[in-house]
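Report on the structure
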Amino acid sequence: QVQPVESGGGLVQAGGSLRLSCAASGGTLRNYGMGWFRQAAEKEREFVAGINWSGSATYYGDSVKGRFTISRDNAKNTVYLQMNSLKPEDTAVYYCAVAGVGILSSRASYDYWGQGTQVTVSS
């Protein structure tokens, strides 16, 4: 069973940047599509970005297009989320997930989830 583990969250001022990383515990990520989701307090979990197994296709939620970039390094068994021009409304717990079958923008397509990392953007 592949267990994703997130890192890189923290506190940043509005307009700043953070890079989240997702590594695998107990397996390899290189054969799977991967995604990032986020959940703010009292809100539904929201799709942020997805990437196919090779990195040749990426997908983004409307609220982060042009600001966030998902990428992967299969040699390092790691997926990244580069977040630029951060806004207070980006504050949330960010989750990395391993996809099974289905479209990468759908929460239902993901089989394994990390524990999440907190991102807080101050105004």
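That block above? That's the structure.
Residues numbered from 1 in each chain as written. Predicted model: local features only at pLDDT ≥ 70, side-chain atom pairs only at ≥ 80, totals over all residues. Heavy atoms only, no water.

Inspection of the entire model under this criterion finds four salt bridges. Its salt-bridge partner being arginine 38, residue glutamate 46 comes within 2.8 Å of it at the nearest N-O pair. The exposure class of glutamate 46 is partly exposed, given its relative accessible area of 31%. Where aspartate 62 meets lysine 65, a salt bridge forms, and the shortest distance between an N and an O atom there is 3.2 Å. A single salt-bridge network, built from bridges that share partners, covers Arg38, Glu46, Arg67 and Asp90. (Salt bridge = Lys/Arg side-chain N within 4 Å of Asp/Glu carboxyl O. Buried < 20%, exposed > 50% of the residue type's maximum accessible area, 1.4 Å probe, protein only.)

Turning next to the pairing of strand β3 (residues 18–25). Where strand β1 (residues 3–7) meets β3, five bridges bridge the pair, whose relative direction is antiparallel. Paired with proline 4 across the bridge in β3 is alanine 24. Alignment of β3 against strand β8 (residues 78–83), held across six bridges, turns out to be antiparallel. From the neighbouring strand, leucine 20 faces β8, where its bridge partner is leucine 81. (Pairing = 2+ DSSP bridges. Helix = DSSP H or I, 4+ residues; strand = E, 2+ residues; numbered from the N terminus.)

The next subject is the layout of surface pockets. Taken as a whole, the largest pocket spans an internal volume of roughly 160 Å³. Lining the largest pocket we find 13 residues, and of these Arg38, Ala40, Lys43, Glu46 and Glu89 sit closest to its centre. For the lining of the largest pocket, the per-class residue count stands at two nonpolar, three polar and eight charged. (1 Å grid on protein atoms, 1.4 Å probe; cavity = no way out; pocket = protein on both sides within 12 Å on 5 of 7 lines; lining within 4 Å. Points joined across faces, edges and corners; volume = space filled by probe spheres on them. Nonpolar A, V, L, I, M, F, W, Y, C, P; charged D, E, K, R; others polar.)

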